[in-house]
Amino acid sequence: MNEELTVLNKTGIWDLVFLPTGKKTIGSRWVYKIKTKSDGSIERCKARLVAKGFAQEYGMDYEETFAPVAKMTSIRVLIVVASVRHWHISQMDVKNAFLNGDLQEEVYMVPPSGVSHSPGQVCKLKKALYGLKQAPRAWFDKLSIVVSSLGFISSFHDSALFVKSSPAGCILLLLYVDDMIITGDDIDGIANLKSTLSRHFEMKYLGHLRYFLGIEVAYSEKGYLLSQSKYTADILERARLIDTRIVDFPLEVNVRYTPTDGDPLPDPTLYRSVVGSLVYLTITRPDITYVVHIVSQFVCSPTSVHWVAVKRIIRYIQGTLDYGLHLYPSSTSTLVSYTDVDWGGCPDTRWSTSGYCIFLGNNLVSWSAKCQATLSLSSAEAEYRGVANVVSESCWLRNLLLELHCPIQKATLVYCDNISAIYLSGNPVQHQRTKHIEMDIHFVREKVAKGQVRVCHVPSRYQIADIFTKGLPHGSLSRF
């Protein structure tokens, strides 16, 4: 606590004043946390003062609150680009990042314990404090100003990615709240960036990228291996399974779940906690993406049947603890994607589930499994909407790679196992059953006409995207 108060006083985060007439205060509290290393050992004990931002009123205490963070796809793409070009990837952390943000609004807070003050005095905040609704935005704005002064430009396709190009080379900075990844071939420029950031903020240099956002990064000549073994161990401990049985695949074949299956759980807290953790685990485990998508649909009112499905996922993870995502130093000249749809697969709403995966060279960088937003009247319509989804993501990736100076010259190959959807992408023919999806048709056809996309047929036995639309037996799951 004393260390935190020293930092707060050094930063000049508040002034002690008497509360003006018509103003109100918000409370504060101390939060204690044990910080651990990637191997689970204790690194340090930490105390943090946070404001009770839930008491703030919109329009009076804050306005806009949105602040971007790096997309996980952007992180994977950056690692692939750095691996191919043999760039060193370093990591930095900003200590007490939110305390650097400048507040534009008047916010008054009750003095916390440990701060001496006269009776009736309150803290008028000059800088952002953890817990304030506008704190993330204020911090991002402050960092953007500092980085922009060095010649960096925020990416148009990921606002948390900053790029600087000069005759000396290229520098990439990716931000996720207070964690930074820095890479590039301008060695002197990177050194200047680190020294400038250290002058403006209290920084902690963490060396080569090893542990980022709970993701363990192992480097070798064969590339980078991303895994979440410690995070997985925490999930297994939280699930509190009394046995150690394992299963070969996470979802029974041909099973369908509805909201009315089984009896409601008396306390759904554990279910929600475990499912929320599993969602984050899909960052490096695409093999469980579909089944996690299924069980996450019932977090509002889970039942005993849904909990059995979650326990099956846990038992599958127990047997695959060494799984991770391997990013190879392969060519970045091609984008290849696979898309598949489970038409009307939801027994409750009859919505279709779209799944896709995109490879940059030999590296899987993007994947998804989600319900379509509207009901499809035919399998052709559902498949075509799936094609439109993956084409949209592919176009975003092409533009992002262009900013990273890795332009894709060849057309993106989109593999689909539905002949009708392939015909619709290239033939300017209107059908009665597809006229209401005209926007999707024109979008894909435009990209095909420009030569940016080619929609091709793939036999179902080679359809990798099957893993994102349905439960598969052990043989198919392992192969894909």
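Going by the annotation in an unreviewed UniProt entry, the name recorded for the chain is Reverse transcriptase Ty1/copia-type domain-containing protein, with Anisodus tanguticus given as the source organism.

Colleague: An account of the sheet that holds strand 11 (residues 179–184) is needed here, citing residue identities and associated values.
Modeller: Strand order across the open sheet formed by six strands is 8-9-10-11-5-12, with antiparallel pairing between neighbours. Edge strands, defined here as strands with exactly one partner in the open sheet, are strand 8 (153–154) and strand 12 (203–208). When strand 5 (residues 90–94) meets strand 12, the two strands line up antiparallel, connected through four bridges. Bridged to Ser90 within strand 12 is His208. Lying over the sheet, helix 3 (residues 135–148) contacts strand 5, strand 9 (161–166), strand 10 (169–176) and strand 11, oriented at roughly 5 degrees with respect to strand 9.

Colleague: Which residues make up the sheet that holds strand 16 (residues 325–327), and what values go with them?
Modeller: Taking strand neighbours across the sheet as the criterion, the four strands line up as 13-14-15-16 in an open arrangement whose pairing is antiparallel. Whereas interior strands pair on both sides, the edge strands pair on one side only; in this sheet they are strand 13 (211–212) and strand 16. Sheet topology places strand 13 next to strand 14 (residues 215–220); two bridges connect them, and they run antiparallel. Counted as the bridge partner of Tyr211 is Glu216 from strand 14. Helix 2 (residues 72–85) contacts strand 13, strand 15 (223–227) and strand 16 of the sheet and is inclined by roughly 155 degrees relative to strand 15.

Colleague: Got a sec to walk through the pattern of salt bridges? Specific residues and values, please.
Modeller: Opposite charge on two side chains lets them pair, provided their charged atoms get close. Overall, the coordinates contain 13 salt bridges when judged by the stated rule. Between Lys126 and Asp15 there is a salt bridge whose closest N-O contact spans 3.6 Å. Separated by 111 residues along the polypeptide, Lys126 in strand 7 (residues 121–127) and Asp15 in strand 1 (residues 14–18) bring together distant segments of the chain. Using a relative accessible area of 35% as the deciding quantity, one classes Asp15 as partly exposed. A salt bridge links Glu381 to Arg385, with the shortest nitrogen-to-oxygen separation between them at 2.9 Å. Of this pair, Glu381 and Arg385 both sit in helix 9 (residues 379–403), four residues apart, roughly one helical turn. For Glu381, a relative accessible area of 0% gives the class buried. For Arg385, a relative accessible area of 15% gives the class buried. Via salt bridges that share partners, Asp102, Lys127 and Lys142 belong to a single interconnected network.

Definitions and cut-offs
- Residues numbered from 1 in each chain as written.
- Predicted model: local features only at pLDDT ≥ 70, side-chain atom pairs only at ≥ 80, totals over all residues.
- Heavy atoms only, no water.
- Pairing = 2+ DSSP bridges.
- Helix = DSSP H or I, 4+ residues; strand = E, 2+ residues; numbered from the N terminus.
- Contact = heavy atoms within 4.5 Å.
- Axes fitted to C-alpha atoms, helices over the stretch in contact; angles between N-to-C directions.
- Salt bridge = Lys/Arg side-chain N within 4 Å of Asp/Glu carboxyl O.
- Buried < 20%, exposed > 50% of the residue type's maximum accessible area, 1.4 Å probe, protein only.

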